[in-house]
Amino acid sequence: MVQKYQSPVRVYKFPFELVMAAYEKRFPTCHMIPVFLGSDILSEYKSDDGAVYIVERRCRLNVDAPYLLKKIVGVDYVHFRQKNSLDRRERTLKIDANNESFSSRIIVKENCQYTVHPDNPDWTCFEQQASLDIKSFFGFESTVEKIAMKQYSSNIKKGKEIIEYYINEILSEEGPMPPRWFPPDMSETEKERRMSEPKALPPVVPDENESKVMATLRRPSTHPEEDAGSQSDLELGATAANFGATAAVTTSDLKEDAIAKTKIDTEYIERFLGKLTPVQESRLIQLRKWLQETHKEKVPKDTHILRFLIARDFNLDKTREMLCHSLAWRKLHRIDRLLETYKMSHVMEKFYPGGWHYYDRDDRPLYILRLGGMDVKGLIKAVGEEGILKHVLSVNEDGIKRAEKATKLKGHPVSACTCIVDLEGLSMRHLWRPGIRALLRIIETVEANYPETMGRLLIVRAPRVFPVLWTLINPFIDENTRKKFMIYGGNDYQGPGGLVDYIDQQFIPDFLGGDCYCGVPEGGLVPKSLYQAECREHEEDLAPEPPLFADSLYHTAYIVKDYPHELLIHVPERGCVITWDFDILKGDVVFTLLRCRKPICDEPHQHHVHGAVGGIGSTQYVDKRWVVGVDISIVLAPSVCRDGDSVQGSHVASQPGSYLLQWKSFESSKSRAPHSFDFSLTGHKSKVMYYTELINSHDFRGSMSSLQSCQSSFSSLSINTGQSGTQGSCPSR
């Protein structure tokens with residue numbers, strides 16, 4: 001299997017020519033790279049005007065491998081070939097390297113590139129990617145892979161240090177700076193004009209909320225220590241604003257969504273995501289690149305992607321499966337609009353004992369839940385299990401927003417929240433079976449869609465009945481999450497080793513012996529008069545709850561071999577627009593748009609798939625005896641959509657009639673290994689979540705802007721990105 005690695009963009013805040021002069025000082029040997037034993041020039045080429053210089057070298061490396069392995073393979077060092085192509089006219093250096101030793105057993109390729117910063121001609125960017133393909137290596141394949149990864153990580157770490165070391169050495173010398181190349185026949189006036197061209201800086205497009213934050217930072221403060229913190233943030237923001245390739249995401253004034261259109265910069269990673277190893281950085285870049293290819297403009301923020309990577313130990317396949325499932329879940333239930341649409345009911349506002357309360361010592365947002373005072377039965381009977389779940393999801397969404405705000409205000413990455421759960425008053429009444437069922441469902445939903453959002457969970461005043469509750473819920477909590485739990489019985493939470501280790505005394509709630517008033521409701525019994533009508537009539541039987549979001553736009557269908565799923569759309573007149581938005585939740589399918597040339601029956605064949613929970617099986621209108629070109633026409637050529645793909649598109653109907661959106665099961669020996677989201681399904685079933693809309697011709701005036709303006713009820717994710725559909729006659733993947 002080929003392992004690929006890609007580093008983020010490094011920015012040297014020096015001109016390209018100076019960086020190139022520093023780079024050349026690494027040859028023929030470099031004392032800062034002990035494993036680099038030397039190099040010999042094999043070939044050279046220089047253009048007549050001096051603009052192009054191509055050199056090929058053979059390099060010797062003393063690979064840090066075990067002595068036993070060196071004895072078995074019979075070598076002390078390995079040879080690499082390196083080809084450098086310098087173009088002074090375009091101000092680029094491309095480096096291609098591959099191993100010469102053991103090339104029949106292992107293939108190592110590395111591609112690097114130095115280029116001028118796109119928004120500042122006096123800065124230089126560096127990108128690096130590598131691939132490792134181990135075919136066989138005397139039974140030491142795993143060892144060799146670890147050595148290669150260690151070598152790669154070391155090169156990434158040392159590379160920038162070496163360049164900056166030689167840059168400082170050149171700057172300390174008293175001599176002219178390396179000149180910029182110009183054609184020999186260029187006049188001095190033209191050279192001066194080129195050199196004095198203004199430096200373009202990336203645009204700053206603050207949104208309303210972030211502008212308020214920055215305005216607050218810029219106001220003078222009566223507290224010097226606050227001014228110092230604000231000034232630090234401003235200086236960091238000013239520095240980040242010049243990053244160019246990552247400026248749209250590294251400054252507090254810019255929308256982080258813009259990162260989907262830029263490359264990740266090392267300084268951005270450290271400032272907003274934290275310290276990652278080179279391999280972890282590579283996994284993040286690889287996964288985001290895959291999402292850009294499959295989900296287009298609906299790529300989540302890097303902080304969101306990183307949380308899923310951490311939850312799956314940076315395993316790309318496992319992370320991809322978990323993340324795609326969660327993205328489909330968010331789309332299905334319109335989670336991205338939850339904070340805008342959700343309004344807490346009067347019952348929840350008065351009787352739900354939870355709320356936000358300042359920050360902990362690590363600047364994480366702090367949430368207080370007085371679980372012991374919660375009337376679980378009363379709340380469920382008053383608002384339903386779905387009502388409580390929706391509120392918990394809104395808390396999680398709010399927590400993510402608060403963590404993002406803390407990251408910008410505090411000057412370091414804040415990716416999670418801290419929660420204090422007060423169990424004072426917990427008793428056997430909390431172990432009511434429907435309440436436990438609701439709790440387990442909440443845990444399952446949060447674990448699957450909000451991984452690594454909890455930095456620490458502090459359980460205080462745990463009574464004797466707590467071990468019973470813990471035994472019930474413990475198996476459903478992820479092992480990494482359980483490690484973040486701190487459980488205190490009695491008054492153990494007070495004093496050293498207690499809450500004060502994690503939260504400043506001034507912010508510890510007063511009811512826990514702290515100095516801070518906490519306005520979180522105490523809870524209490526919910527009056528039976530507030531119960532739902534069904535619950536008042538049958539107190540012990542809960543009324544059936546509606547779906548999480550009853551107004552969800554999406555439907556699901558299960559597809560098996562020989563039974564495609566077809567959706568009938570009646571187009572009343574020429575010029576109407578058929579739009580679609582669907583996600584492949586399992587398996588591979590073939591998507592096609594068809595037009596019926598003959599009358600079609602509105603009562604199709606229904607194929608009910610065994611075990612298709614939450615789906616409708618498949619619906620089929622096309623008679624197998626129909627002939628393409630006679631009974632039916634192919635409007636869009638069939639396209640294969642892979643497991644995990646998110647597809648959007650539209651088609652302007654050239655004539656009225658009956659159209660069919662068709663999804664068929666696709667099987668191929670070259671298909672990727674399955675990554676199932678729905679473990680209740682067997683291997684031969686595919687699952688599609690879809691939404692379609694027909695826009696009347698008088699609402700669509702032939703422009704992309706009018707197409708978008710007419711689709712106010714399209715995908716919530718599409719609305720957020722301003723990409724509701726793709727005009728034309730083919731799906732956008």
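All values reported here derive from a predicted model rather than from experimental measurement. (Residues numbered from 1 in each chain as written. Predicted model: local features only at pLDDT ≥ 70, side-chain atom pairs only at ≥ 80, totals over all residues. Heavy atoms only, no water.)

(A) The arrangement of the packing of helix H9 (residues 278-295) against helix H10 (residues 302-311) in detail. Contact geometry for H9 and H10: axes closest at 10 Å, N-to-C directions at 115°. Between H9 and H10 the crossing geometry is right-handed. Seen from H9, the contacting residues are Arg283, Leu284, Leu287, Arg288 and Leu291; seen from H10, they are Asp302, Ile305, Leu306 and Leu309. Its residues assigned to classes, the contact of H9 with H10 shows 6 nonpolar, no polar and 3 charged. (Axes fitted to C-alpha atoms, helices over the stretch in contact; angles between N-to-C directions. Helix = DSSP H or I, 4+ residues; strand = E, 2+ residues; numbered from the N terminus. Left-handed = near helix turned anticlockwise from the far one by under 90°. Contact = heavy atoms within 4.5 Å. Nonpolar A, V, L, I, M, F, W, Y, C, P; charged D, E, K, R; others polar.)

(B) Layout of the nonpolar core. Tyr352, Leu379, Ile388 and Leu423 are the most contacted members of the largest nonpolar core, which totals 47 residues. Of all elements in the fold, only helix H13 (346-351), strand E10 (365-369), helix H14 (376-410), strand E11 (417-422), helix H15 (433-449), strand E12 (454-462) and helix H16 (466-473) reach the threshold of two or more residues within this core. Ranked by the residues each element gives to this core, the list is headed by H14, at 11 residues. With residues up to four places along the chain from it excluded, the contact list for Tyr352 reads Val347, Tyr367, Leu369, Met374, Leu379, His391, Val392 and Pro521. (Core = buried A, V, L, I, M, F, W, Y, C linked by side-chain atoms within 4.5 Å. Buried < 20%, exposed > 50% of the residue type's maximum accessible area, 1.4 Å probe, protein only.)

(C) Structural view of the sheet that holds strand E13 (residues 485-489). The 5 strands lie next to each other as E9-E10-E11-E12-E13, forming an open sheet whose pairing is mixed. Looking at the sheet topology across the chains shown, the edges are occupied by strand E9 (354-359) and E13. The sheet shows a mean angle of 20° between the axes of neighbouring strands, direction not considered. Where E10 meets E11, 4 bridges bridge the pair, whose relative direction is parallel. (Pairing = 2+ DSSP bridges.)

(D) Fine view of H10. Within H10, 9 of the 10 residues are buried, leaving the element largely enclosed by the surrounding structure. For H10, every residue scored as buried is listed here: Asp302, Thr303, His304, Ile305, Leu306, Arg307, Phe308, Leu309 and Ala311. The elements touched by buried residues of H10 are helix H8 (266-273), H9, helix H11 (316-333), H14, H15 and helix H17 (479-482). Remark: Asp313 follows H10 within two positions and exhibits a positive phi of approximately 50°.

(E) Local environment of the confidence of the model for the protein. Mean pLDDT for the protein: 78, with 74% of residues reaching 70 or above. Across residues 201-261, confidence stays below pLDDT 50; counting only partners more than four residues off in sequence or on other chains, it has 99 contacts. Low confidence marks residues 701-733, where pLDDT is under 50. Its contacts with residues over four positions away, or in another chain, come to 89 contacts. (pLDDT = per-residue confidence, 0-100.)

(F) Quick peek at the packing of H11 against H15. The N-to-C vectors of H11 and H15 enclose an angle of 115°; their axes lie 9 Å apart at closest approach. Residues Met322, Ser326 and Trp329 of H11 lie in contact with H15, whose contacting residues are Thr445, Glu447, Ala448 and Asn449. Residues that form the contact of H11 with H15 fall into these classes: 3 nonpolar, 3 polar and 1 charged.

(G) Spotlight on the side chain of Glu281. With respect to the helices and strands, the residue Glu281 is situated in helix H9. As a buried residue without a salt bridge, Glu281 has its nearest oppositely charged side chain in Arg10, at a separation of 7.3 Å. Dropping the residues within four chain positions of it, Glu281 is found in contact with Gln6, Pro8, Ile269 and Leu276. (Lys, Arg positive; Asp, Glu negative; His and termini not counted. Salt bridge = Lys/Arg side-chain N within 4 Å of Asp/Glu carboxyl O.)

(H) Representation of the packing of aromatic side chains in the model. As enumerated under the stated definition, the model contains 16 aromatic pairs in all. With centroids separated by 4.5 Å and ring planes inclined at 45°, the aromatic side chains of Tyr114 and Phe126 adopt a geometry described as tilted. Note that Tyr114 is positioned in strand E7 (residues 106-117) and Phe126 in strand E8 (residues 120-134), a separation of 12 residues in sequence. With a centroid separation of 5.5 Å and an interplanar angle of 85°, the aromatic rings of Phe582 and Trp663 are classed as edge-to-face. Remark: Trp663 occurs in strand E22 (residues 657-666) and Phe582 occurs in strand E16 (residues 577-586); sequence separation between them is 81 residues. Here the two residues Phe582 and Trp663 agree in accessibility, since each one is buried. Taken together through their ring pairs, the aromatic side chains of Tyr12, Tyr23, Phe27, Tyr114 and Phe126 make up a single cluster. A cation over a ring is seen here: Arg271 above Phe272, with NZ or CZ 4.5 Å from the ring centre. Between Arg370 and the ring centre of Phe511, over which it is positioned, the NZ or CZ distance is 3.7 Å. (Phe/Tyr/Trp six-rings, centres within 6.5 Å; stacked < 30°, edge-to-face > 60°. Lys NZ or Arg CZ within 6 Å of the ring centre and 35° of its normal.)

(I) Summary view of the pairing of E12. Most of E12 sits out of view: 8 of its 9 residues are buried. For the crossover that starts at E11, traverses H15 and ends in the parallel E12, the hand is right-handed. Of the pairings in the sheet, the one linking E12 to E13 comprises 4 bridges and is parallel in character. Residue pairing in the sheet places Leu458 in a bridge with Met486 of E13. (Right-handed = clockwise from strand over helix to strand, strands pointing away.)

(J) Structural context of the pattern of salt bridges. Counted under the stated rule, the structure contains 30 salt bridges. As a salt-bridge pair, Asp362 and Arg364 come within 3.5 Å of each other at their nearest N and O atoms. Note on Arg364: relative accessible area 19%, which makes it buried.

(K) Spatial organisation of the sheet that holds strand E17 (residues 588-596). Reading across from one edge, E15-E22-E17-E20 is the order of the 4 strands in this open sheet, with antiparallel pairing throughout. Looking at which strands have only one partner, the edges of the open sheet turn out to be strand E15 (565-571) and strand E20 (632-641). The mean angle between the axes of side-by-side strands here comes to 15°, regardless of whether they run parallel or antiparallel. Taken together, the 7 bridges between E17 and E20 define a ladder with antiparallel strand orientation. Considered in E20, the bridge of Val590 is made with Val640.

(L) Seen up close, H16. Those residues of H16 that sit buried are Phe466, Leu469 and Ile473. Down the axis, H16 shows its buried residues gathered within 65° of arc, on one side only. Structurally, H16 contributes buried residues whose contacts are with H15, E12 and E13. (Arc of directions from axis to C-beta.)

(M) Spatial organisation of the environment of Leu306. By the secondary structure assignment, Leu306 is in helix H10. A residue is classified by how much of its surface remains accessible, and Leu306, at 5% relative accessible area, is buried. Along the sequence, Leu306 and Glu452 sit 146 residues apart, while their C-alpha atoms lie 9.1 Å from each other. Sequence-distant contacts of Leu306, defined by excluding residues within four places in its chain, comprise Leu273, Leu276, Leu284 and Phe314.

(N) The environment of Gly38, seen in detail. If you trace the backbone, Gly38 turns up in strand E3 (residues 36-46). Along the backbone, Gly38 and Cys59 are 21 residues apart, and their C-alpha atoms lie at a distance of 5.9 Å. Other than its neighbours up to four places away in sequence, Gly38 contacts Pro28, Thr29, Arg58, Cys59 and Arg60.

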